[in-house]
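# Understanding the architecture of this molecule
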Amino acid sequence: MINSLYIKDFKSIEAYLFELAALNLFVGPNSSGKSSAIQAFLLASDNARSDTAPHKLVCRHMKAPSFKEVRNFVTNAKAYTVKVDEVEMSFTPADDSLTGTTVSQSKGFETRDLNMLAGKVLYLPAARTSELSETRINQDSDSNALGLFGEFVIDYYQNHKDELLPDAVIKDRSSLTFAGQLNYWLKKLTGYSIHVQLDGAEYKVRYVGVGGKEIHPHHVGTGVSFITGVLIAGLASCKDGGLLIVENPEIHLHPSAQADIIDFLAMVAGTGSQVFVETHSDHLFNGVRRLLRENALDEKMTKVFNFRRADNGTSVISTVMLNQYGGIVNDEPGLFDQFDRDLAAIIG
């Protein structure tokens, strides 16, 4: 598990040390720096090495940015820094035009951490596709089982659907397999189960509704396909370990399903995996508070980081302190208080 993440002079983030937990929520308004924090970590993951020799920037999880695009514009930074636990990574311009980037490390990553950063970080971006009806066979499943962005979740599911999952993951004891637990959560969140069949070089995906009728993914709500990828990736993390980053898991979901998905993500974090969630959903945030109150989640297992944008465009980041009863110790204006403001306006 990554215990700390320090980011300095990257995009809108001047300097902040994230003391991390198993389940981490990044919350706050649009363009406040949440995605920037995730991108900084992904750059560190993509460029992690076992040695300290400088090298050219590698970008697997995002389009390679020019140095001047991502350095802090307020401080006019000549370098930006990402420190993962004890390894500090420095990103400096490789040319006078400030386009290319050179990466160097204070020391090499240990083998265990390097293996995790290089092969067990799964990123599900907000712009992920909902097209699951015809997905390809993964030709590199040994080293990249689910893809960089979850593009091979169906292939992974089909290859692992009959495998048993750890007991801590089992919610439906009528089927202890990957397929059984996936369909438990799908039915709970959407009312559907899934059926996958190999058709030539592609997989044919259908959702099973009332009366056993199979339905093409085009004819169910978009949220069903979106959440399928999150569930498969989460269960894979429970089985294989690793680090799961999900942007906006609440996309296209009804509020009741949004409240339930945090139960799933907390379960994933409780199996030894590490989970990062960027969200705009008060249902996810309050779901964490509910789990604390129900003693289903220990306060040491979760961290909530609140982002807001200062007048000069930089990020102001704070750690939201929650107690074991779900109470907010250091509440701030704007922290998921829109319901309260609307209610106050309605009742006068």
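Below or above, wherever it landed, is the structure these notes cover. (Residues numbered from 1 in each chain as written. Predicted model: local features only at pLDDT ≥ 70, side-chain atom pairs only at ≥ 80, totals over all residues. Heavy atoms only, no water.)

## Regarding the pattern of salt bridges
Across all of its chains, the model carries nine salt bridges by this definition. Close ionic contact of Arg-60 with Asp-46 constitutes a salt bridge, the shortest N to O distance being 3.4 Å. Within this pair, whereas Arg-60 is found in the loop between β4 (55-56) and α2 (67-70), its partner Asp-46 is found in helix α1 (residues 34-47), the two being separated by 14 residues in sequence. Note on Asp-46: relative accessible area 5%, which makes it buried. Residues Arg-290 and Glu-294 are paired through a salt bridge, measuring 3.6 Å at the closest nitrogen-oxygen approach. What you see here is one network of salt bridges that share partners, running through Glu-163, Lys-239 and Asp-240. (Salt bridge = Lys/Arg side-chain N within 4 Å of Asp/Glu carboxyl O. Helix = DSSP H or I, 4+ residues; strand = E, 2+ residues; numbered from the N terminus. Buried < 20%, exposed > 50% of the residue type's maximum accessible area, 1.4 Å probe, protein only.)

## Focus: helix α7 (residues 255-269)
Here α7 is 15 residues long and its end C-alpha atoms lie 22 Å apart, about the 21 Å a rise of 1.5 Å per residue gives. If you check which residues of α7 are buried, you get Ala-257, Gln-258, Ile-261, Ile-262, Phe-264, Leu-265, Ala-266, Met-267, Val-268 and Ala-269. The inward-facing, buried residues of α7 abut β3 (23-27), α5 (178-190), α6 (222-240), β14 (274-279) and α8 (282-293). (Expected span 1.5 Å × (residues − 1). Contact = heavy atoms within 4.5 Å.)

## Concerning the packing of helix α4 (residues 153-160) against α6
Where α4 contacts α6, the two axes come as close as 10 Å, and the packing angle between them is 50°. Between α4 and α6, the angle is such that the two are oblique. Read as a crossing pair, α4 and α6 show a hand that is left-handed. Within the contact between the two elements, α4 uses Val-153, Ile-154, Tyr-156, Tyr-157 and His-160 and α6 uses Gly-229, Ile-232, Ala-236, Lys-239 and Asp-240. Taken together, the residues of the contact of α4 with α6 break down into six nonpolar, two polar and two charged. (Axes fitted to C-alpha atoms, helices over the stretch in contact; angles between N-to-C directions. Parallel < 35°, antiparallel > 145°, perpendicular 65-115°, else oblique. Left-handed = near helix turned anticlockwise from the far one by under 90°. Nonpolar A, V, L, I, M, F, W, Y, C, P; charged D, E, K, R; others polar.)

## Comments concerning the sheet that holds β3
With mixed pairing, six strands are arranged side by side in an open sheet as β8-β13-β14-β3-β15-β16. Lying at the two open borders of the sheet, with one neighbouring strand each, are β8 (121-124) and β16 (315-320). Between one strand and the next, the sheet's axes are offset by a mean angle of 15°, whatever the strand orientation. Across five bridges, β3 lies against strand β15 (residues 302-309) in parallel orientation. The residue bridging Phe-26 from the neighbouring strand is Phe-305, located in β15. (Pairing = 2+ DSSP bridges.)

## Overview of a nonpolar patch on the surface
Side chains of Phe-339, Leu-343, Ile-346 and Ile-347 sit close together on the surface and give an oily, nonpolar patch of about 470 Å² of accessible area. Secondary-structure assignment places Ile-346 in helix α9 (residues 338-347). (Patch = residues over 30% accessible without salt bridge, like charges linked within 9 Å, V, L, I, M, F, W, Y side chains within 5 Å. Areas by Shrake-Rupley, 256 points an atom, 1.4 Å probe, with all protein chains shown as cover.)

## Here we look at the packing of α7 against α8
At their nearest, the axes of α7 and α8 sit 8 Å apart, and the two run at 55° to each other. One way to sum up the angle between α7 and α8 is to call them oblique. The interaxial crossing formed by α7 with α8 has right-handed handedness. Facing Pro-255, Gln-258, Ala-259, Ile-261, Ile-262, Asp-263 and Ala-266 of α7, the residues of α8 in contact are His-283, Leu-284, Gly-287, Val-288, Arg-290 and Leu-291. Counted by class, the contact of α7 with α8 contains eight nonpolar, three polar and two charged residues.

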